[in-house]
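# Structure assessment
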Amino acid sequence: MDREIKTALVTGGGKGIGKAIALKLAEDGYNVVINYSKSSKDAIETVEEAKKFGVEACALKCDISNYNEVEKMVNDIIDMFGDIDVVVNNAGITKDNLILRMSEDDWDNVIDVNLKGTFNVIKFVSKYMIKRRKGKIINISSVVGVIGNAGQSNYAASKAGIIGLTKSLAKELASRGITVNAIAPGFIETDMTDVLSETVKLSMLNSIPLKRAGKPQDIANVVSFLASNASDYITGQVINVDGGMVM
Ligand code: NAD
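Here we summarise the structure given alongside this text. Computed from a predicted structure; not experimentally measured.

The next subject is the site of the ligand. Within the structure, the ligand sits among 26 residues, and I17, N90, Y155, I188 and T190 are positioned closest to it. Contact between the ligand and I17: an oxygen atom at 2.8 Å from a main-chain N or O atom of the residue. I64 places a polar main-chain atom, nitrogen or oxygen, 3.1 Å from a nitrogen atom of the ligand. For the ligand, the protein covers 90% of the area, taking 820 Å² as the surface of the free molecule. Those elements giving two or more residues to the shell around the ligand turn out to be helix 1 (16-27), helix 6 (153-173) and helix 7 (191-194). For the shell around the ligand, the residue count by class is 12 nonpolar, 11 polar and 3 charged.

On to the side chain of K159. Inspection of the secondary structure assignment puts K159 in helix 6. Comment: no salt bridge for buried K159; closest opposite-charge side chain is D96, at 11 Å. Apart from residues lying up to four places away in sequence, K159 is in contact with N114, I140, S141, S142 and G145.

Moving on, we come to the packing of helix 1 against helix 2 (residues 40-51). Remark: helix 1 packs on helix 2, axes separated minimally by 9 Å, with the N-to-C direction vectors making an angle of 25°. Comparing their axes, helix 2 and helix 1 come out roughly parallel. Relative to helix 2, the crossing made by helix 1 is right-handed. Note on element contacts: helix 2 touches helix 1 through T46, E49 and A50, opposite K19, A22, L23 and A26. Of the residues that constitute the contact of helix 1 with helix 2, the class distribution is 4 nonpolar, 1 polar and 2 charged.

What counts, and where the lines are drawn
- Residues numbered from 1 in each chain as written.
- Predicted model: local features only at pLDDT ≥ 70, side-chain atom pairs only at ≥ 80, totals over all residues.
- Heavy atoms only, no water.
- Near = heavy atom within 4 Å.
- Polar contact = N/O pair within 3.5 Å; in protein donor to acceptor, adjacent residues only side chain to side chain.
- Areas by Shrake-Rupley, 256 points an atom, 1.4 Å probe, with all protein chains shown as cover.
- Helix = DSSP H or I, 4+ residues; strand = E, 2+ residues; numbered from the N terminus.
- Nonpolar A, V, L, I, M, F, W, Y, C, P; charged D, E, K, R; others polar.
- Buried < 20%, exposed > 50% of the residue type's maximum accessible area, 1.4 Å probe, protein only.
- Lys, Arg positive; Asp, Glu negative; His and termini not counted.
- Salt bridge = Lys/Arg side-chain N within 4 Å of Asp/Glu carboxyl O.
- Contact = heavy atoms within 4.5 Å.
- Axes fitted to C-alpha atoms, helices over the stretch in contact; angles between N-to-C directions.
- Parallel < 35°, antiparallel > 145°, perpendicular 65-115°, else oblique.
- Left-handed = near helix turned anticlockwise from the far one by under 90°.

Remember that the coordinates give geometry; whether it matters functionally is a separate question.
Below, the structure is given as structure tokens:
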């Protein structure tokens with residue numbers, strides 16, 4: 001029997017791009033699970049906002065870089081909602097530095113959260129999607145993973161890794177009815193980019209043909225499309241959402 005209401009998991013869904021994605025999917029009619037790693041405040045606020053669209057929503061604490069915690073989170077979601085139809089691997093961190101100053105911890109933390117965290121989530125969610133022969137996996141990469149960026153070798157490597165993971169899994173899971181795509185955002189206004197100096201922000205803006213920074217909603221709109229049946233014939237793709245920054 002086909003369930004009418006679908007369930008979506010958004011990692012790091014309490015703020016920034018993840019929050020916009022969670023609310024857009026709630027608006028689209030999905031029950032949403034908002035994952036968070038530290039403070040529950042943002043995640044709980046997002047849950048309350050999502051419920052206003054008449055769907056079910058909940059916040060689950062889990063550090064996505066921890067394999068066992070992710071397994072438990074995914075099992076809890078299955079117990080609560082019966083299945084996971086859409087997963088958006090959005091959670092990510094930066095620890096920028098030039099290579100000579102980059103510590104081993106800075107390298108390991110960024111790879112562990114951004115790349116291994118994405119693997120962990122897909123590893124456990126795909127088991128259920130394969131059984132149902134249906135599912136949409138959407139990974140948030142970055143234009144930096146496509147073109148690189150000085151001072152972000154750890155972050156760029158993690159985001160390029162997500163692209164390789166996306167394409168490999170798209171090939172592996174296509175026969176099981178599962179699509180796997182990535183979105184590569186450009187310069188989006190969130191806490192992550194708020195810490196950049198005015199000089200860096202200005203130089204970013206100058207490199208954007210559409211002459212504006214992106215909004216979290218710009219990414220959420222593309223997630224909404226990739227989660228929907230309208231994108232059923234698209235898999236293994238990296239969609240730049242960057243105002244034309246990379247072309
Ligand atoms: P943000 O810092 O506002 O949000 C990141 C989210 O990830 C937060 O909710 C945080 O709690 C969560 N998170 C961090 N570590 C986690 C962990 N171990 N387990 C679970 N959750 C964790 O950043 P944002 O700008 O909204 O970024 C969202 C995604 O978009 C990230 O993957 C980021 O790399 C990517 N991205 C952002 C931009 C941009 O310009 N803002 C550009 C390209 C890509």
